[in-house]
Amino acid sequence: MTLMSVPLVNYITLSAVIFFIGVAGVVMRRNPLIMLMSIELMFNAANLLFAAFARAWLNNAGHIFVFLVITVAAAEAAIGLAIVVTVFRSARTVDADEVALMKG
Amino acid sequence: MHHVMGVDGYYPTLIALWLLPLAGALVLWAFGPQLRRSAGPLGSAVILGSFVGTLMLWSSATQHLSSGGVDLVGAHQTLFSWIPGFDFGLFIDPLSLLWALIITGVGFLIHVYSIGYMDGDHAFARFFAYMNFFVFAMLTLVLSDNFVGLLVGWGLVGLASYFLIGFWFFKPTAVAAARKAFVINVVGDVGIMFAIFAIFSSVHSLSFADAFAYAGSYSTPWLFVICLALFIGAAAKSAQIPLHTWLPDAMEGPTPVSALIHAATMVTAGVYLVARCAPLWSQNSDAQVLVGTIGGLTALVGAILGCAQWDIKRILAYSTMSQIGYMIMGVGVGAYEGGVAHFFTHAFFKAQLFLGSGIIIHALHDEQDVRRMGGLLRRLPFAAVAIGTGVLAISGIPGFSGFFSKDQVIYGTLAHGYAWLYVLGILTAGITAYYMCRLFFVTFLGSYRGAVDPSDLGMRHPELAGTSHHETEPHEAHSANAEWFMIVPVAILIPFTVLIGWIMFGGENSPWARFFAEQFPHPALTATAISEGVTGLITFVVVLAGIGIAYLRYATASAQSNAVARLRDESVHMPAILSNAFYFDAAFDLLFVRSSQALGRFFGRYLDPHVIDGAVRETAISAEWLGTLVRSFQTGLVRAYAFILVFGAACFVVYYAIVAGGLH
Amino acid sequence: MITFWALAILMLLSALWCVTATRPIYSVVALLGNFLMLAIMYLTLNAEFLAVIQMIVYSGAILILFLFVIALLSSGIAPFSVGPDRLPRIAIPVLALALIALGFLAWALAHTAVATPGATANGAPLGPVGTPDVFGSVGDFGTALFTTYLLPFEITALILMVAVIGVVLLAGDQAPYVATKKREAQVKRDMREAILREGGQ
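The following refers to the structure shown.

Scoring rules and cut-offs
- Residues numbered from 1 in each chain as written.
- Chains lettered and ligands numbered in written order.
- Predicted model: local features only at pLDDT ≥ 70, side-chain atom pairs only at ≥ 80, totals over all residues.
- Helix = DSSP H or I, 4+ residues; strand = E, 2+ residues; numbered from the N terminus.
- Buried ≥ 20, exposed ≤ 12 C-beta atoms within 10 Å, placed from the backbone.
- Contact = placed C-beta atoms within 7 Å.
- Nonpolar A, V, L, I, M, F, W, Y, C, P; charged D, E, K, R; others polar.
- Pairing = 2+ DSSP bridges.
- Core = buried A, V, L, I, M, F, W, Y, C linked by C-beta atoms within 7 Å.
- Axes fitted to C-alpha atoms, helices over the stretch in contact; angles between N-to-C directions.
- Parallel < 35°, antiparallel > 145°, perpendicular 65-115°, else oblique.
- Left-handed = near helix turned anticlockwise from the far one by under 90°.

Moving on, we come to the overall build of chain A. Helix and strand counts for chain A come out as 3 helices and 0 strands. Each helix and strand of chain A, ordered N terminal to C terminal, gives the series α-α-α. Of all 104 residues assigned to chain A, the portion counted as buried reaches 54%. For chain A, contacts bridging at least 24 residues in sequence account for 46% of all contacts bridging at least 6.

Turning our attention to the interface of chain C and chain B. Between chain C and chain B, the contact holds 13 residues from the first and 14 residues from the second. Class assignment for the residues of the side of chain C that touches chain B results in 10 nonpolar, 2 polar and 1 charged.

Before going further, it helps to spend a moment on the interface of chain C and chain A. On the side of chain A, 62 residues touch chain C, which itself brings 69 residues to the contact. Of the residues forming the side of chain C that touches chain A, the biggest block, 13 residues, is contributed by helix 3 (residues 48–73) of chain C. Looking at the side of chain C that touches chain A residue by residue, the classes come out as 54 nonpolar, 12 polar and 3 charged.

Okay, the sheet that holds strand 1 (residues 7–8) of chain B next. Residue and element names in this part refer to chain B. The strand order 1-4-5 describes an open sheet built from 3 strands, whose pairing is mixed. Single-partner strands in this sheet number two, and they are strand 1 and strand 5 (86–92). Bridge analysis of strand 1 against strand 4 (residues 75–83) gives 2 bridges, and the strand direction is parallel. In the sheet register, valine 7 faces strand 4, and the bridge partner there is alanine 75.

Glancing now at the nonpolar core. Residues and elements named next belong to chain B. Counting 200 residues, the largest nonpolar core has Ile92, Phe134, Met138, Leu230, Val274 and Ala351 as its most contacted members. The element best represented in this core is helix 5 (residues 124–143), accounting for 17 residues. With sequence-adjacent residues up to four places away left out, alanine 351 is seen in contact with Val106, Ile110, Ala259, Ala263, Ala264 and Leu493.

Now for the packing of helix 15 (residues 312–333) of chain B against helix 19 (residues 401–415) of chain B. All names here are of chain B. Axis separation between helix 15 and helix 19 bottoms out at 9 Å; the angle between their running directions is 45°. The angle between the axes of helix 15 and helix 19 places the two elements in the oblique class. By crossing handedness, the relation of helix 15 to helix 19 is classed as left-handed. Each of Tyr326, Met329, Gly330 and Val333 in helix 15 lies in contact with helix 19, whose residues at this interface are Lys406, Val409, Gly412 and Thr413. Looking at the contact of helix 15 with helix 19, its residues break down into 4 nonpolar, 3 polar and 1 charged.

Structure (structure tokens):
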């Protein structure tokens, strides 16, 4: 019962693939909302990895970590969306390529 | 170990006599315009004070003491410590006493003379300030007890010479001459500096006492190098071949300057140096050969060139060069008393010759070319007496001062075993007599040629003749007393010129020899084939021959009546090699001046704008380029920044994959 | 095993759809699907508490937040003006990067044994999901959270507070302060008219 039915390598691979899908989403899309959702995907990939290793090593520190990551992700999503709203109010657009005020 | 050469003590007179001219110079510099005409008497009084001080130190300077197995001669006064272990001090012994007496004594007479000669000049006070400064610098040179003080004095004397040669700075020829003199002197300074380094590396001390105490312990090649370096300095200052080219040009300065600096004192600094470093030279016969030979050659070349000059001051300049060649030859071969004796007598008669020619120049309203003189025997009888006695002294007529000293030098070369220098010395004596009598005959005999058209006399550039200042600058009227200021000092010098030589009469027991008994090393000499008396006789015969030739060419009745034609012939047919002074100037110009100028042009046109400036500009450009490169990353696009972040993260992944996964 | 593969494929597909969807609302729905699959996968890993938390917080709160913002931004005006794409064909480097990284990872995994240390086991023993106080249950999780990891727990509370303050400051009500009620009514009328006027453009 201690051993997992699915080898750990599978979880690692899956996590990596989802992570890079999230990366592609951040870099390729211009809609900031989609970018934030891609970031959530990346968080989830990491969470999956933690949970898998927690099960493999029977160490619930992994669970704790996932909990903390979820909390922080929630806070970050909230603030990110607030920023999007603020930018929209002043610039009337949220296209990530248009809002390039830091160009220098 | 610290050796002292003189008796240590406290000698306030010494310090006073040394610093008095400096004080005079400072006062004259600062208050020159206010002092006006009284600057002259003030400057002269200062030098008189130093002279009196020197006389007062006679007994201290000649004292000797044997203490602890070391013979101490003279007086030593420590001034201050420069760095721990190196003391600066003043030192006076018979050698420097002699030099100090000439500097202050003859200097005083020349200062008085200048009051008359420079009368009416706008920069009257500045002249005396510079002259006082010169006396101070020369005293520093001869009174120092260490090489560095000597070098300081050496440099300051060069500076004073620069000031005084270029005194009439609105004349471009004077400025050029001053610059030339200074540059050649710097070559000598470098030689002495190198010698100081060499001495220090062996002895770890800079004072004369320590350097000479270890004289026997230097390795022979090293000692030769030291002597060579010192002699380069001496040659530059004393106008020996090949560093002599500045001396004829230095005649651009006022005549008193020529008399004091370029005849009696500054140019003899080289002689002083060799005489002072006698312990070093006595140990190394190669150095002695070198110095003696150069001295002899200079004497001969100077005499030959003196036969080809027409400017009265240039004749005297070349004669100075020749006579200093005698002095250098004397101290070079080891006949120290002879060389120094010649310095002593030369100071008097050369100063007299220069000051007398100054009287002539002044009377003829700044005419310096002898071709335009003539018949002055009746017009300027005093000048004739002055120059006449000077000519007799320099020719070495027995009884006059020059005879005794020149004879000592010539015999000294034979006694120390240099037969070729002996012959050279006698030959040069004859030539000296010839051209000096030529000077006298052309200037004073015949009829006055001032009204003759210059081209008839063979003068190609009459506008360059008579290059004193009065033509270009208006000046105040001469006062009536100006003439007396010029006459009295010359009158004082005449008896010295005639009679001073007799203190050297008597060989070993003469007052002269006894004065210098402790000063110089006296190696045992082999007996010579020709005795001193016979040497004197041979020299006298050769001198008479020279005078005879001059008489036949310039002083016979027919020569006097055909003077204009004869002078024109001689001027036109003067060999080019003589009129270009053996092409020394041309050689230096080619070797050093042009190459330096070319180097300067290269640096100025290519190296500086392109390489050095280019490097600076390149730095700015590369900084700008780097900035532009970095700026291209700041697109402001979030996606781009995110991509870069991911790239970095990917690098981390790869790294950990390799490290953690691959290398196990 | 079959569960794993089914879940994995569904997760990948939903992730891909989320990233490439044309309209943001589709992305939200895809993401919801992704989170659902992830929660089930947590259950297969004996992390039952995490599965529940995942659904409640992620799907139930964060995605709702996204929905609200989408609704806000889509009101009337089109916020996504089509300017030129400043990073054209960025997909190629990204894909290359991803493939290289994954390649290295695969190679590393092939050459390493993933250690499964048994000594670091802590907490409750393993048991079937649903029974109390087994590994990954609420009790086990709670014990760990409130004893060993109490400090991080408190700090997360702080983080959440910071987030709340930040959101209020950034996106809070921009209405100006007015002294009297009559003026307040006037200000409200002016603002409504301004929004309607701009909305008509």
